[in-house]
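# Architecture and fold: a report
What follows is the residue order along each chain.
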Amino acid sequence: MRDYGGADMAGRPDTPGLIDKYGRVATDLRVSLTDRCNLRCQYCMPAEGLDWLPSADILTDEELLRVLRIAVRDLGITDIRLTGGEPLLRRGLEDLVAEITALRPRPRVAMTTNGIGLAKRAARLAAAGLDRINVSLDTIDRQTFVEITRRDRLHHVLEGLRAAQEAGLRPVKVNAVLLRGVNDHQACSLLRFCLEHGYHLRFIEQMPLDAQHQWNRAEMITADEILAILRTEFTLEPSPAERGSAPAERWLVDGGPGEVGVIASVTKPFCQACNRTRLTADGSLRSCLFSTDETDLRTILRSGGSDEDVANAWRATMWAKGPGHEINSAGFAQPLRPMSAIGG
């Protein structure tokens, strides 16, 4: 853990926001609510699952809300995305969303979920103030879904997608990862399904964030390959919309208005435009998804630290952020924590 008290802040501008040495300002906070998940996706964790964090290590609702209040009030955070593990496994999620959306200035609040259990809760989440939702779905073929997730739950995910749309959480976004020889031949059928139902599909390059540390760059399906696959059945043209700090490169499908996005996290990193900061379920700050160090906020909270102590620790963490994740460099080291523990 980084010693927040002894951080080197030399040269940092006198600004309350989360600026780093390269002029980037973090305004988008990714918050993991739990490391637990009810799927066992083969590119994320082993079939037997993982050793979950002890409940006592997880930030309580009160602690989490205090941190988020500091983030939006003092540090310039405008967007909060709730992730996991699987955030729907967090008890009292609807009440937590209502508390977050009551913060001032009011942040935009989104959630990334696998969709299991969403059908029964989408309307309540929307009523609590949830603005947007992303559902992870790699295939609409039942047997392939079982192969990837090791669970026969595709029908629950599809029901969740419908419920989210009916609840007004539009546009419903779908996140998909293609695995070579598993579901890559189904990319076009997945896109067609999303276009027909009004969902916004985003393909994401598989990243080295699996608990098994078995990611193989040679096996990863690149963004260029994804586009080539889609072009076998669709005409793709660059979207005229400004990309800004969004991770997805967007393409109009068959002239529009339907679109598809491709997130080339590995082959075409967008680190220079990154505006994200991350908080794990056990209260650790990360300046990057691929950080190899963290800042322990939980200890500050539980040892009587002030709001300013929390804010300064956060500012120091982001000031120390590197220029990029260095996946494409020889010295790259995969984070010890997997995606399920970091938060997507």
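Treat the numbers as computed from the prediction; the structure is a model and nothing was measured.

### Description of the confidence of the model for the protein
For the protein, mean pLDDT is 91; residues scoring 70 or higher make up 92% of the total. A low-confidence stretch, residues 1-5 (pLDDT under 50), is modelled with 12 contacts involving residues beyond four sequence positions or located in other chains.

### Let's talk about the pattern of salt bridges
The full count for this structure, using the stated rule, is 18 salt bridges. Two residues, R315 and E308, come together in a salt bridge whose shortest N-O distance is 3.2 Å. Since its relative accessible area comes to 9%, R315 is described here as buried. Given the relative accessible area of 42%, E308 is considered partly exposed. One salt-bridge network, in which partners are shared between bridges, spans R66, R73, D74 and D307.

### As for the pairing of strand β6 (residues 132-136)
As judged from the 4 bridges shared by strand β5 (residues 108-113) and β6, these two strands associate in the parallel manner. Its bridge partner lying in β6, T112 is registered against N134. In this fold, the crossover linking β5 to β6 by way of helix α3 (residues 122-128) has right-handed handedness. Sheet analysis places β6 next to strand β7 (residues 173-176), joined by 3 bridges and oriented parallel. Following the sheet pairing, V135 is matched in β7 by V174.

### Comments concerning the packing of helix α1 (residues 61-74) against helix α9 (residues 307-319)
Direction vectors running N to C along α1 and α9 enclose 70°, while the axes themselves pass 10 Å from each other. With respect to each other, α1 and α9 are oriented roughly perpendicular. The handedness of the crossing between α1 and α9 is right-handed. Each of R66, V67, I70, A71, R73 and D74 in α1 lies in contact with α9, whose residues at this interface are D307, V310, A311, W314 and R315.

### What to know about empty space enclosed by the protein
A complete count under the given rule lists 1 cavity of 30 Å³ or more for this structure. Space inside the largest cavity adds up to approximately 30 Å³. Together, D28, R30, D79, I80, R81, A110 and R132 line the largest cavity. Of all elements in the fold, only β3 (28-32) and β4 (79-83) reach the threshold of two or more residues within the lining of the largest cavity.

### Some details on the sheet that holds strand β14 (residues 295-296)
As summarised here, the arrangement of the 12 strands in space is β9-β10-β11-β8-β7-β6-β5-β4-β3-β12-β13-β14, forming an open sheet in which the pairing is mixed. Lying at the two open borders of the sheet, with one neighbouring strand each, are β9 (236-238) and β14. Across 4 bridges, strand β10 (residues 249-253) lies against strand β11 (residues 259-263) in antiparallel orientation. Across the sheet, E249 pairs through a bridge with V262, a residue of β11. Against the sheet, helix α7 (residues 223-230) touches β8 (200-204), β9, β10 and β11, its axis set at about 155° to β11.

### A closer look at the packing of aromatic side chains
One pass over the structure, following the stated rule, counts 1 aromatic pair. Look at F193 and Y199: their rings are 5.9 Å apart centre to centre, the planes differ by 55°, and that puts the pair in the tilted class. Of the residues examined, Y199 reaches a relative accessible area of 3% and is grouped as buried. The aromatic ring of W251 is capped on one face by R231, whose charged end is 5.1 Å from the ring centroid.

Rules used in this analysis
- Residues numbered from 1 in each chain as written.
- Predicted model: local features only at pLDDT ≥ 70, side-chain atom pairs only at ≥ 80, totals over all residues.
- Heavy atoms only, no water.
- pLDDT = per-residue confidence, 0-100.
- Contact = heavy atoms within 4.5 Å.
- Salt bridge = Lys/Arg side-chain N within 4 Å of Asp/Glu carboxyl O.
- Buried < 20%, exposed > 50% of the residue type's maximum accessible area, 1.4 Å probe, protein only.
- Pairing = 2+ DSSP bridges.
- Helix = DSSP H or I, 4+ residues; strand = E, 2+ residues; numbered from the N terminus.
- Right-handed = clockwise from strand over helix to strand, strands pointing away.
- Axes fitted to C-alpha atoms, helices over the stretch in contact; angles between N-to-C directions.
- Parallel < 35°, antiparallel > 145°, perpendicular 65-115°, else oblique.
- Left-handed = near helix turned anticlockwise from the far one by under 90°.
- 1 Å grid on protein atoms, 1.4 Å probe; cavity = no way out; pocket = protein on both sides within 12 Å on 5 of 7 lines; lining within 4 Å.
- Points joined across faces, edges and corners; volume = space filled by probe spheres on them.
- Phe/Tyr/Trp six-rings, centres within 6.5 Å; stacked < 30°, edge-to-face > 60°.
- Lys NZ or Arg CZ within 6 Å of the ring centre and 35° of its normal.

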